[in-house]
Amino acid sequence: MNATLERWSTRRAFILAVTGAAVGLGNIWRFPYITGENGGAAFLVLYVVFVLLLGLPVMMAEIMIGRAGRRAPMQSLGHLAAQAGASRHWRLLGLFGAVTVFCILSFYSVVSGWSIEFLVMAINGDFVGRDPTEIATGFEAFLGDPRRMTFNHTLFLFMTMTVVAAGVAKGLERLNNLLMPLLYLLLLLLAGYAATTDGFATALAWLFRPDFSAITPLVVMHAMGHAFFTLAVGACALMAYGAYMPEHQSLPRAAGAVAVLDVGVALLAGIAIFSVVFTQGMDPGEGPGLMFVTLPIAFAELPWGALWLSVFFLLLLLATWTSSINLAEPMVATLQGWGMSRGKAAAAVGIGVWLVGLLSVLSFSTLAEWRPLFGMNAFDMVTTIPTEIFLPVGGLLIAAFAAWIMPRGEARAALGAGGSGFLLWQGVVRWISIPLAAMVLIAGLL
Ligand code: PFF
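Residues numbered from 1 in each chain as written. Predicted model: local features only at pLDDT ≥ 70, side-chain atom pairs only at ≥ 80, totals over all residues. Heavy atoms only, no water.

A.B. asks: With reference to specific residues and values, describe the overall build of the chain.
C.D. replies: Regarding its fold elements, the chain presents 18 helices and zero strands. Here the C-alpha atoms of the chain give a radius of gyration of 21 Å, agreeing with the 22 Å that 2.2 N^0.38 yields for 446 residues. Projected onto its principal axes, the C-alpha positions of the chain cover 65 × 45 × 45 Å. In the chain, which comprises 446 residues, the proportion classed as buried is 57%. Within the chain, residue pairs in contact and separated by at least 24 positions form 83% of the contacts whose partners lie at least 6 positions apart. Summed over all atoms, the accessible surface of the chain reaches about 16,600 Å², with 68% contributed by carbon and sulfur. Side chains of the chain give 22 positive and 22 negative charges; the mean places of these two sets differ by 19 Å. (Helix = DSSP H or I, 4+ residues; strand = E, 2+ residues; numbered from the N terminus. Rg over C-alpha atoms; globule rule 2.2 N^0.38 Å. Buried < 20%, exposed > 50% of the residue type's maximum accessible area, 1.4 Å probe, protein only. Contact = heavy atoms within 4.5 Å. Areas by Shrake-Rupley, 256 points an atom, 1.4 Å probe, with all protein chains shown as cover. Lys, Arg positive; Asp, Glu negative; His and termini not counted. Charge placed at Lys NZ, Arg CZ, Asp CG, Glu CD.)

A.B. asks: For empty space enclosed by the protein, give the residues involved together with the corresponding values.
C.D. replies: The gaps left among the atoms become clear once a water-sized probe is rolled over them. Enumeration according to the criterion identifies one cavity of 30 Å³ or more in this entry. Quantified by volume, the largest cavity comes out at close to 150 Å³. Among the elements of the structure, α1 (11–22), α5 (92–123), α10 (217–231) and α14 (305–337) are those that each provide at least two residues to the lining of the largest cavity. Among the residues forming the lining of the largest cavity, the class breakdown is 13 nonpolar, four polar and no charged. (1 Å grid on protein atoms, 1.4 Å probe; cavity = no way out; pocket = protein on both sides within 12 Å on 5 of 7 lines; lining within 4 Å. Points joined across faces, edges and corners; volume = space filled by probe spheres on them. Nonpolar A, V, L, I, M, F, W, Y, C, P; charged D, E, K, R; others polar.)

A.B. asks: Please provide a residue-by-residue account of the site of the ligand, values included.
C.D. replies: Around the ligand sit 15 residues, and of these Ala-22, Leu-25, Gly-26, Tyr-108 and Phe-229 come closest. Within the contact set of the ligand, an oxygen atom lies 2.9 Å away from a backbone nitrogen or oxygen of Ala-22. A total of 350 Å² of accessible area belongs to the ligand in isolation, and the protein chains cover 100% of it. When atom positions are compared with the pocket grids, the ligand is found to occupy the largest cavity. A per-class count over the shell around the ligand returns nine nonpolar, six polar and no charged. (Near = heavy atom within 4 Å. Polar contact = N/O pair within 3.5 Å; in protein donor to acceptor, adjacent residues only side chain to side chain. Sits in = over half its atoms within 2 Å of the grid points.)

A.B. asks: I'd love a proper account of unusual backbone geometry, names of residues and values included.
C.D. replies: Even without being glycine, Arg-70 reaches a positive phi, approximately 50°. Of note, Arg-70 is situated in the loop between α3 (41–69) and α4 (73–84). Even without being a glycine, Phe-374 presents a positive backbone phi close to 45°. Structurally, Phe-374 is set in the loop between α15 (342–362) and α16 (378–405).

A.B. asks: Outline α16, supporting the account with residue identities and numerical values.
C.D. replies: Along α16, the helix axis deviates most sharply at Pro-386, where the bend reaches about 35°. The opening residue of α16 is Asn-377, an N-cap whose side-chain oxygen sits 3.2 Å from the backbone nitrogen of Phe-379. (Bend = angle between axes of the 7 residues up to and from the residue.)

A.B. asks: Which residues make up the environment of Arg-70, and what values do they have?
C.D. replies: On the basis of relative accessible area, Arg-70 is assigned to the buried category, the value being 8%. Spatially, the C-alpha atom of Arg-70 lies 9.4 Å from that of Tyr-241, the residues being 171 residues apart in sequence. Only 2.7 Å separates the side chain of Arg-70 from the backbone oxygen of Met-245, close enough to count as a polar contact.

A.B. asks: Describe α10, listing the residues and the values that go with them.
C.D. replies: If you check α10, its first and last C-alpha atoms are 22 Å apart, about what 15 residues at 1.5 Å a residue would give, namely 21 Å. Summarising burial for α10: 13 of the 15 residues are buried, a large majority. Positive phi appears at Ala-232, one or two residues downstream of α10, with a value of about 65°. (Expected span 1.5 Å × (residues − 1).)

A.B. asks: So what about the layout of surface pockets? Which residues, and what values?
C.D. replies: Considering only enclosed or pocket space, the largest pocket measures out at about 690 Å³ in volume. Taken together, 25 residues form the lining of the largest pocket, with His-222, Met-376, Asp-380, Thr-383 and Thr-384 sitting closest to its centre. Per element, the largest residue contribution to the lining of the largest pocket is seven residues, and it comes from α16. Residue composition of the lining of the largest pocket, by class: 13 nonpolar, seven polar and five charged. Empty space within the second largest pocket amounts to approximately 160 Å³. Lining the second largest pocket are Arg-67, Ala-68, Arg-70, Glu-247, His-248, Gln-249, Glu-410, Ala-413, Ala-414 and Gly-416. Looking at the lining of the second largest pocket, the elements with two or more residues in it are α3 and α17 (408–415). It is α17 that contributes the most residues to the lining of the second largest pocket, three residues altogether. Its residues assigned to classes, the lining of the second largest pocket comprises three nonpolar, three polar and four charged.

A.B. asks: I'd like a description of the nonpolar core, backed by residues and values.
C.D. replies: Membership of the largest hydrophobic core comes to 156 residues, with the highest contact counts inside it found for Trp-29, Trp-114, Met-291, Phe-312 and Trp-425. Among all residues touching Met-291, those that are not within four sequence positions of it are Ile-28, Trp-29, Ile-273, Pro-296, Phe-312, Phe-313 and Leu-316. (Core = buried A, V, L, I, M, F, W, Y, C linked by side-chain atoms within 4.5 Å.)

A.B. asks: Residues and numbers for the packing of helix α2 (residues 25–37) against helix α13 (residues 290–301), please.
C.D. replies: α13 packs onto α2 with a crossing angle of 105° between their chain directions and a minimal axis gap of 9 Å. By the criterion of interaxial angle, the relationship of α2 to α13 is roughly perpendicular. Residues Ile-28, Trp-29, Pro-32 and Tyr-33 of α2 form the contact with α13, whose participating residues are Leu-290, Met-291 and Phe-292. (Axes fitted to C-alpha atoms, helices over the stretch in contact; angles between N-to-C directions. Parallel < 35°, antiparallel > 145°, perpendicular 65-115°, else oblique.)

A.B. asks: Go over the pattern of salt bridges, please, and point to the residues and values.
C.D. replies: Tallied over the full model, the rule gives seven salt bridges. Notably, a salt bridge pairs Arg-148 with Glu-117, separated by 2.4 Å at the nearest N-O pair. Here the residue Arg-148 occupies a position in helix α7 (residues 146–166), and Glu-117 occupies one in helix α5, the gap between them amounting to 31 residues. One salt bridge connects Arg-371 with Glu-369, and the closest N-O pair in it is separated by 3.4 Å. Connected through shared salt-bridge partners, Glu-117, Asp-145 and Arg-148 make up one network. (Salt bridge = Lys/Arg side-chain N within 4 Å of Asp/Glu carboxyl O.)

Next comes the structure, spelled out in structure tokens:
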């Protein structure tokens, strides 16, 4: 890749591309279950605070580096570091990001594969007339079937790598234009239905009336990790997209729009899912199966339920697709920067991720009891360590690079917010975001 990359065709296309990266499993699958496991409203408050004080400013930092460097992440970092007279080793941050997204994509593809399975089941009307217990048992049975899971994991990864091999901008713009409005519409409909259920009031209280005694250093760390994960920040993945950002666009506005859209999706999904949880007397801390069990139950009650459920899983699949394309991009860009062709790089990344993904597949059956680290099995490890440690560490370093190292003129131009806007951003990153992330990491890990 060189300094004259293609650009996103419009400002809207850039916002949609970043929203496409941000909105995915993190909002609809991970947010509800992790909020459920960490006590509800208090967790939600922490997560929103982290989005504002950390996620957003660091997202800007990350995109600024890509926008100023106009190259693949490692090359942009190296180029800007050289310009600033700083160590070229800053390039390794791009490599660290690639390792992070590698781990994340390995489980992301497996869980997105669950959506494929559920889409097919919904189209077949498999949930019609089923009671909640049957639906829950059906999910358990699916998890225990590595062959079905491997098939879906393979299919999903193939879908992702094909688009990545073809080049990012072309493949993505059109898809995002259609997807986001539809996803919102369907979630609104679902939340509207939730408002008619018995569990709605309890769900709202549970989500919005915080009990701060539930907060521990570990809960704070989960919330911080999730803020990075949901915004797709900390792994240089958005840096890769920043390289395609048009010249005259205000980054704070674009990033703000993305964050609002992203948190909005999570809240709507949360309201819908927890209403079902409380209506059915289920446990909010049910874990990774939460969405896959509650939503089929909810839709089973609606008129035309099978149709709505099919549309929902289709939209979810598309949302995870645009996120996984973003996850794959930094790795492919890195290999390309080392001289590999785009097609070969996509194939190599695909095969590597597929193999490691098998560990997640088997974590629900054959390898369920293989717990090499702190009692975690392979799936637990790839879902927590990269998200809660690698993303914040990466984000912290990205922020430090943008706010302390990068040439000031370049940084200012890349933010596109004028002089005082720049000073505000720089002040927040230097004196709030970086110390906050460092403190939470230290407290959570001790
Ligand atoms: N933001 C995506 C989601 O919420 O599903 C996941 C993600 C994408 C995380 C890209 C990290 C990343 F670099």
